[in-house]
Amino acid sequence: LDSRLPLVIFLHALTPAAARDEFQEELVIRPLHSGDIYASFQFRTLWDTDFLQEGQKVSHYRLFPKSLGQVLSKFSVRELHISFSQGFWRTMQWGQPFIPSPPGAELWVWFHDTVSDVDGNWKELTNVLSGIFCASLNFIDLTNTVQPSASFKPLGLGNATDHRFLRYATLPREIVCTENLTPWKKLLPCGSKAGLAVLMKSEKLFHSSFHSQAVHIRPICQDEQCSSKAWELRQTLNVVFDLHTSGQGKKEWSLFKMFSRTLTEACPLASSSKVYVDITDNPELFELSPATPLLGQAVVLGDRRTYSVYDLSRAETFGQLRSFNLLLRDMLRPLLHAERYVAGFGLQTGEIHTVIYNNHPYRAFPVLLMDSVPWYLQLYIHTLTVTSKSRDNKPSYIHYQPAKDRHRPHLLEMLIQLPPHSMTEVTVQFERALLKWTEYTPDPNHGFYVGSSVVSALVPSMVAMRTNFTQDQPLFSSFVPVKEESSYFVRVYTEPLLVNLPTPDFSMPYNVICLTCTVVAVGYGSFYNLLTRTFQVDEPSPPLSKRLANLIRRIRGVPLLT
Amino acid sequence: MAAPLTLLLIVAVTIRAVLFRSSWAELISERVEVVSPLNAWKRVVEGLALLDLGVSPYSGDVFHETPFMIYLFHFVVDYAEIVFMIADGITAVALYLSIQTYNKNVFRKQKYALESDRYPADCLELLRSPKEMFYIPLKVAMFYLLNPFTILSCVAKSTCGLNNAIIALFILCTLKGSALLSGILLALATYQSIYPLTLFAPALLFFLQRLYIPVNLRRSSFWFFTLQYAFIYVGSLVVITGLSFFLLGSWDFIPSVYGFIFSVPDLTPNIGLFWYFFAEMFEHFRLFFICVFQINVFFYTIPLSIKLKEHPVFLIFMQIAIISIFKSYPTVGDVALYMAFLPAWSHLYRFLRNIFLVSCVLLACSALFPVLWHLWIYAGSANSNFYYAITLLFNFGQILLVSDYFYAYLRREHHLTHGLYLKKKDGTEATLVLK
């Protein structure tokens, strides 16, 4: 150990002082007015170093990706902006994005003013970037490159504004897919293993209305006087999830629903890891859980907006389950509503589930549920179960009239007490009957309809109502007579059901009659033979000549041959 | 012979108990081959639940059991599994004792016939020895208890097991010679499902044979006994039906049970011939074909009775088989009952013509039933024709089986009167044909 110590000191003296770099990650979630949701990821790496310094080659990379650093040095790039987008940003429906981008691929680069052959550098740069991002950026050549004179001024430091050093190209035809996302994710310090990047699963990200990933590299000032410069690498990913495609039509979003993952930890290499949720339009728009006391305000795009902030570097954000799943729920909640569906598989049996929701926070009230099920779905009333909050809830009144085949349907009426703020599920099993072939509709595989269930209830009202009848009430408030002051009558209809029944083969009536009667006739024939005939020894019949001779002899009256 | 029988009962009960406790029990009780709308356990539970709700079980179309079943299961519904296992045990023991009695009768008659030299010289090998007949009752009990059809029927808690028990007890009482008990049990069996009505003729013939009354329509002794027996039978039937009326206070059960059996409104698939036939029937022919198919079950009684008037026990077997094949809602439990008798006719083996083919057909069809049902109802890749085809084949196999045994029985009787090795007029070996 003693002999190696001078060597260690010598090596330590040779390496330059370690450059300071810093990594921040953030996610902004903004529910949009159309019911869609906009999520924007930004990963920023800030590095105190100078790629363009002559003679000194940067070789020790920590948080900054080496491939991009080498690109910057080799091609003397001052600013690099590249974006890949799928879909078109609909400004009228969604507002303004944080980081705008055109559909397809877009690349614009400011070269350093020491570059002599900008076009040559541009060509090589596009080829190298095409390899890094697995995109066909090599299609960028002089035929689709321009040098804008006023539009794309440098976004970072830089006083040279000679537009000969700017190159801008777009490939609108470029398609973005998982092969582009994977190398983009690899550029992050934590990769896709920790922090916010674990949410980036391509099955969900590409099943969206708009998806855009970008890399922006520029030099910036570290402080107000600009005494020291640093390189900033921002990787951004903007995605808009559609209400109907990803949201199943329900204005209820969560991290799990959007990305099929939840957050378990912040990136250990990040100095700050935060999630922002835009709550400027609340509390009318949505309800946010888990609740957070942290609030932030920011002026974005000329508008002052308020955000709920979740700090992922604090352990209590993840709660007991070590998992952070944000939940945004629509505030519109009617006090009483019901759904109905058929469960089970196959054409023999099934189960009708009726789910009734009581959304009143503290009042329980009874509802009357009426079900009329056609006779060809034979209900089994002994399988009727009513559960509320996973406990048995026995109805106080049941009226059941079973069906008579081809005469009348089932009628089931029940009075159920709904506990406050709960979901009550009523299930009953049924068996499907095989009908006569003439009783099927012309399109039997469409299925048979079961009428809606009717839920009738007196719902407690927030507002006292007048019971006396006045003439000057508008029509829409005077349909149902008001008998009580504190509750109003409401009737909720569930969905009708479409149930498939087993079908016979409709082309077969004649064949079936023939075949079945054949089998019955085989039985009849065998029994007839055994019953009417007796066993006899089989004497072979005499040959034709002998029979003819016997016939003649019989006519003559002469004894017969044997 | 009590010890092997007890061992057999223990083995049978163990198998059923193991299956009751496994997850297969629920699967089996849903199978349409094992349960039908008439005897499914689910419907019994449903009927009892309707009764609890205050609604008559017969007001809907889900419950088709007789009030006797309501009365019985009202008390023992919690011990249903034990009840069905006991029923199977009763059936097995009743069949055991009845076949034992029958064998004794057969041997005694054979002895008298031998002593009076009624058999031709060369058919001594056709005669039956006690050694050969010793294990037959045990085999009969085994054929019933260990038959997979019976086990499935018991595990599914199909009330067919109870009906089989009543019919087996009826056979035992008939063979033991008690006309009163036989009449009462036959009335109970008829009350449960109408078709055992046809067993009146073989029972009557057996008693006439036992009491040495010749079957001659001109003799008054014949009519005297017939009217006595008919009176016992009809009287018990009336009494049982009247008691059922008083249970629920209405005659609703008659259209629900007997009207249902005769008019076949429910077309749930089963192993019989009725369901698909009436699913594809033209509406204006429906009544005609219902009558034809129902008459088909009953009208073999008279011709068979005339042909087999000296062999009433074989006639009972034939009648039970015909009922199982041609009834409106057959299940495998009905098939198991007549199959239990087959060891009693094991001496006919040499005259059976198609037994290999028939057993292969029945085995293959039993295996294919669940497969094609699954393909039609669950996989959706087959349609009802596949299941229907197997139904046809299964019934065809059963018909062949029964007619084969009938042929063998008649042939043996012919040989016993005319000799085993028959010769033609010119002395060469003869073949026997039905002419």
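The structure displayed is predicted, hence computed values, not measured ones.

Cut-offs applied
- Residues numbered from 1 in each chain as written.
- Chains lettered and ligands numbered in written order.
- Predicted model: local features only at pLDDT ≥ 70, side-chain atom pairs only at ≥ 80, totals over all residues.
- Heavy atoms only, no water.
- 1 Å grid on protein atoms, 1.4 Å probe; cavity = no way out; pocket = protein on both sides within 12 Å on 5 of 7 lines; lining within 4 Å.
- Points joined across faces, edges and corners; volume = space filled by probe spheres on them.
- Helix = DSSP H or I, 4+ residues; strand = E, 2+ residues; numbered from the N terminus.
- Nonpolar A, V, L, I, M, F, W, Y, C, P; charged D, E, K, R; others polar.
- UniProt positions renumbered as here; feature names shortened; annotations may be inferred.
- Buried < 20%, exposed > 50% of the residue type's maximum accessible area, 1.4 Å probe, protein only.
- Polar contact = N/O pair within 3.5 Å; in protein donor to acceptor, adjacent residues only side chain to side chain.
- Contact = heavy atoms within 4.5 Å.
- Phe/Tyr/Trp six-rings, centres within 6.5 Å; stacked < 30°, edge-to-face > 60°.
- Lys NZ or Arg CZ within 6 Å of the ring centre and 35° of its normal.
- Pairing = 2+ DSSP bridges.
- Axes fitted to C-alpha atoms, helices over the stretch in contact; angles between N-to-C directions.
- Core = buried A, V, L, I, M, F, W, Y, C linked by side-chain atoms within 4.5 Å.
- Parallel < 35°, antiparallel > 145°, perpendicular 65-115°, else oblique.
- Salt bridge = Lys/Arg side-chain N within 4 Å of Asp/Glu carboxyl O.

Colleague: Just checking my understanding: could you explain the layout of surface pockets for this structure?
Modeller: To find the voids left in a structure, one rolls a probe of water-molecule size over its atoms. Residue and element names in this part refer to chain B. For the second largest pocket, the calculated volume is near 1300 Å³. Considering the residues around the second largest pocket, the lining is formed by 38 residues, among which K109, R118, Q209, E310 and H311 are closest to the centre. Of all the elements in the fold, those that place two or more residues in the lining of the second largest pocket are α5 (80-115), α9 (160-176), α11 (200-210), α17 (312-326) and α20 (384-418). In terms of residues, the lining of the second largest pocket owes the most to one element, α5, which gives 9 residues. Here the residues of the lining of the second largest pocket sort into 19 nonpolar, 8 polar and 11 charged.

Colleague: Would you take a moment to explain the UniProt feature "transmembrane region" (unreviewed entry) in chain B for this structure?
Modeller: Residue and element names in this part refer to chain B. Feature annotation in UniProt places "transmembrane region" (unreviewed entry) on residues 79-99, 194-213, 225-251, 257-278, 285-302, 314-342, 354-379 and 385-407, given in this structure's numbering. Segment residues 194-213 splits into 55% helix and 0% strand. End C-alpha atoms: 28 Å apart. Along residues 314-342, the helical share is 72% and the strand share 0%, with 10 Å between the first and last C-alpha atoms.

Colleague: I'm lost on the side chain of S85(A) in this one. Help?
Modeller: Residue and element names in this part refer to chain A. By secondary structure assignment, the location of S85 is in strand β3 (residues 77-86). By relative accessible area, S85 is classed as buried at 2%. At a separation of 3.2 Å, a polar atom in the side chain of S85 contacts the side chain of S212. Setting aside its immediate chain neighbours within four residues, S85 contacts S101, P102, P103, G104, V176, F210, H211 and S212.

Colleague: So what exactly am I meant to see when it comes to the packing of aromatic side chains here?
Modeller: All names here are of chain A. Throughout the structure, instances matching the rule amount to 76 aromatic pairs over all chains. Seen from their ring centres, Y524 and Y528 are 6.0 Å apart, and the 25° between their planes marks the pair as stacked. One end of the pair is Y524 and the other is Y528, both in helix α8 (residues 509-532) and 4 residues apart, which spans about a single turn. By relative accessible area, Y524 is classed as partly exposed at 39%. What makes Y528 partly exposed here is its relative accessible area of 43%. One cation-aromatic arrangement involves R30 over F98; the distance from NZ or CZ to the ring centre is 5.4 Å.

Colleague: Please clarify how the sheet that holds strand β9 (residues 252-254) of chain A should be interpreted in this entry.
Modeller: Note on sheets: strands pair through backbone hydrogen bonds, and any given pair is parallel or antiparallel. All names here are of chain A. The antiparallel open sheet is built from 3 strands, whose spatial order is β9-β14-β11. Each edge of the open sheet carries a strand with a single partner, namely β9 and β11 (286-289). Strand-to-strand twist across the sheet, computed as the mean angle between neighbouring axes with direction ignored, equals 15°. Two elements, β11 and strand β14 (residues 327-330), share 4 bridges in a ladder whose sense is antiparallel. The residue bridging L288 from the neighbouring strand is L328, located in β14.

Colleague: Quick question: what am I supposed to make of the nonpolar core here?
Modeller: Most often, soluble globular proteins have nonpolar side chains that are buried together. Residues L336(A), Y229(B), W345(B) and F406(B) are the most contacted members of the largest nonpolar core, which totals 210 residues. With residues near it in sequence (within four places) discarded, W345(B) still touches Y102(B), V313(B), F314(B), F317(B), Y405(B) and Y409(B). W108(A), A135(A), A270(A) and L326(A) belong to the second largest nonpolar core, which has 80 residues in total.

Colleague: I tried to follow the packing of α8(A) against α20(B) on my own but got confused; where do I start?
Modeller: If you want to describe how two helices pack, look at the angle between their axes and the distance between the axes. Close contact between α8(A) and α20(B) brings their axes to 9 Å; oriented N to C, the two are set at 5°. It follows that α8(A) is roughly parallel to α20(B) by the angle criterion. Between α8(A), through V512(A), L515(A), T516(A), V519(A), V522(A), G523(A), S526(A), F527(A), L530(A) and L531(A), and α20(B), the contact on the second element is made entirely by Y388(B), L392(B), N395(B), F396(B), I399(B), V402(B), S403(B), F406(B), Y407(B) and L410(B).

Colleague: Is there a simple way to explain α11(B) in this structure?
Modeller: Three- or four-residue spacings in an α-helix give side chains the same orientation, since the helix completes a turn every 3.6 residues. Residues and elements named next belong to chain B. For α11, the tally of buried residues reaches 9 of 11 residues, placing the bulk of the element in the interior. Those residues of α11 that fall on the buried side of the exposure criterion are F200, A201, P202, A203, L204, L205, F206, F207 and L208. Contact partners of the buried residues in α11: α5, α9, α10 (179-192), α12 (220-248), α16 (301-307) and α17. Taken from the residues just after α11, Y212 is the one with a positive phi, measuring 60°.

Colleague: Please clarify how the interface of chain A and chain B should be interpreted in this entry.
Modeller: By convention, interface size is frequently given as the accessible area that disappears when the constituent parts associate. Between chain A and chain B, the contact holds 55 residues from the first and 70 residues from the second. Across the contact surface, chain A and chain B share 2 salt bridges. The partner of K42(B) in a salt bridge is E431(A), with the nearest N and O atoms 3.9 Å apart. Taken together, the connections running from chain A to chain B amount to 20 residue pairs in polar contact (both at pLDDT 80 or more). Elements with a minimum of two residues in the side of chain A that touches chain B: β18 (377-388), β20 (397-401), β22 (422-432), α8 and β27 (535-537) of chain A. Residue contributions to the side of chain A that touches chain B peak at 16 residues, all from α8(A). As judged from the 3 bridges shared by β27(A) and strand β1 (residues 432-434) of chain B, these two strands associate in the antiparallel manner. When the bridges of β1(B) are listed, Q536(A) appears paired with V433(B).

Colleague: Whenever I open this one, the environment of S182(B) confuses me. Can you help?
Modeller: Residues and elements named next belong to chain B. Secondary-structure assignment places S182 in helix α10. With relative accessibility at 0%, the residue S182 sits in the buried group. Considered as a pair, S182 and F245 are 63 residues apart in the sequence and their alpha carbons are 23 Å apart. Not counting residues within four places of it along the chain, the set of residues in contact with S182 comprises F170, C173, T174, F207 and Y229. Here the side chain of S182 touches T174 through a polar contact of 3.2 Å, side chain to side chain.

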